[in-house]
Amino acid sequence: MSDIREASFSATGSVTRDEYDEAAKAAGLFRRGRIVGALGTVLLASAGVSPSSGGLTLHPVPLGIAAAYGLFALLVLPRWAVARGFRSGRAAEEKRVVVDGTGIEVFRGEESQRIVWDEMRYYHETPRLHVFVGRSRRRTCLVALPKRLFTAPGENELLAAFGQERAGDGS
């Protein structure tokens, strides 16, 4: 296991939009937002129902507003947030990433950002990606590394073991 602690991985490339969508889904970045959206929809819908002597009375305007809010909060908003994250994070740009014993460093042109392992919350592996999720200065950091960038034999398996050891699975 000591050979994993001394390992260093480097890759250069870019993330496609569908890979970024898969990383955001694997990271569960919008679960909390969907829960809040569902609770808001239920609360708004409850305003559209009132007890009466003959049972329940439905009020169509508040129920319509609740349905519109629910569709927006549960379907439109998460997709918009992922698209915005992809554009604002300039995920499509080519970057160089170095994963080593101190953390993950992302180089984009002349800029670089380092996320140390203490800031890393968890690691998740999908069939196409290595996904690291962390917090740096009150911001959630998502690092998606496509497996296609690691071409050496056994490199993906070693990076998966390294990610599990360093960042864990979030539990």
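So, here is what we can say about the structure in this document.

**Here we look at helix α2 (residues 17–27)**
Here is step 1: E19, Y20, A23, A24, A26 and A27 are the residues of α2 that are buried. Take α2 and look down its axis: the buried residues cluster within an arc of 165°, on one side only.
Here is step 2: Lining the buried residues of α2 we find α3 (31–47), α4 (60–88), β7 (120–125), β8 (129–136) and β9 (139–146).
Here is step 3: Among the residues trailing α2, G28 stands out with phi positive, at a value near 65°.

**Some details on the sheet that holds β7**
Here is step 1: Read across the open sheet, the three strands follow the order β7-β8-β9; overall the sheet is antiparallel. Looking at strand neighbours, the two that pair on one side only are β7 and β9, the edges of this open sheet. This sheet shows a mean twist of 15° between the axes of neighbouring strands, independent of strand direction.
Here is step 2: Helix-sheet contacts for α2 involve β7, β8 and β9, and the interaxial angle to β8 is about 60°.
Here is step 3: Running at roughly 30° to β8, helix α5 (residues 155–166) makes contact with β7, β8 and β9 of the sheet.

**A short note on the packing of α2 against α4**
A pair of packed helices is captured by two measures, namely the crossing angle of their axes and the spacing between those axes.
Here is step 1: Following both chains from N to C, one finds α2 and α4 inclined at 120°, their axes separated by 10 Å at the closest point. One finds that α2 runs oblique with respect to α4. Considering the relative orientation of α2 and α4, their crossing is right-handed. Along the contact surface, α2 presents R17, Y20, D21 and A24, while α4 presents R79, V82, A83, G85 and F86.

**What about a positive patch on the surface?**
Here is step 1: A cluster of basic residues, R32, R121, R135 and R138, forms a positive patch at the surface.
Here is step 2: Note that R138 resides in the loop between β8 and β9.
Here is step 3: Residue classification places R138 among the exposed residues on the basis of a relative accessible area of 79%.

**Digging into the pattern of salt bridges**
Here is step 1: Enumeration over the complete set of coordinates arrives at eight salt bridges.
Here is step 2: For the salt bridge of K147 with E125, the shortest nitrogen-to-oxygen distance reads 2.6 Å. Placement of K147 in the loop between β9 and α5 and of E125 in strand β7 is noted, with a sequence separation of 22 residues between them.
Here is step 3: Residues participating in the shared-partner salt-bridge network are D18, E22 and R128.

**Details of the packing of α3 against α4**
Here is step 1: At a minimum axis distance of 7 Å, the contact between α3 and α4 shows a crossing angle of 175°. Compared by their axis directions, α3 and α4 come out roughly antiparallel. In contact with R34, V36, G37, A38, G40, T41, L44, A45 and A47 of α3, α4 contributes P62, L63, A66, Y69, G70, A73, L74 and P78.
Here is step 2: Taken together, the residues of the contact of α3 with α4 break down into 12 nonpolar, four polar and one charged.

**So, the nonpolar core**
Here is step 1: Ranked by size, the top nonpolar core spans 20 residues in total, and within it V99, I104, W117, F132 and L145 carry the most contacts.
Here is step 2: Where this core is concerned, the elements lending two or more residues are β1 (9–13), β4 (95–100), β5 (103–108), β7, β9 and α5.
Here is step 3: Other than its neighbours up to four places away in sequence, V99 contacts A7, S8, F9, I104, W117, L145, L159 and F162.
Here is step 4: A23, Y122, L129 and V133 belong to the second largest nonpolar core, which has eight residues in total.

The rules behind the values
Residues numbered from 1 in each chain as written. Predicted model: local features only at pLDDT ≥ 70, side-chain atom pairs only at ≥ 80, totals over all residues. Heavy atoms only, no water. Buried < 20%, exposed > 50% of the residue type's maximum accessible area, 1.4 Å probe, protein only. Helix = DSSP H or I, 4+ residues; strand = E, 2+ residues; numbered from the N terminus. Arc of directions from axis to C-beta. Contact = heavy atoms within 4.5 Å. Pairing = 2+ DSSP bridges. Axes fitted to C-alpha atoms, helices over the stretch in contact; angles between N-to-C directions. Parallel < 35°, antiparallel > 145°, perpendicular 65-115°, else oblique. Left-handed = near helix turned anticlockwise from the far one by under 90°. Patch = residues over 30% accessible without salt bridge, like charges linked within 9 Å, V, L, I, M, F, W, Y side chains within 5 Å. Areas by Shrake-Rupley, 256 points an atom, 1.4 Å probe, with all protein chains shown as cover. Salt bridge = Lys/Arg side-chain N within 4 Å of Asp/Glu carboxyl O. Lys, Arg positive; Asp, Glu negative; His and termini not counted. Charge placed at Lys NZ, Arg CZ, Asp CG, Glu CD. Nonpolar A, V, L, I, M, F, W, Y, C, P; charged D, E, K, R; others polar. Core = buried A, V, L, I, M, F, W, Y, C linked by side-chain atoms within 4.5 Å.

Keep in mind these numbers describe shape, not what the thing actually does.
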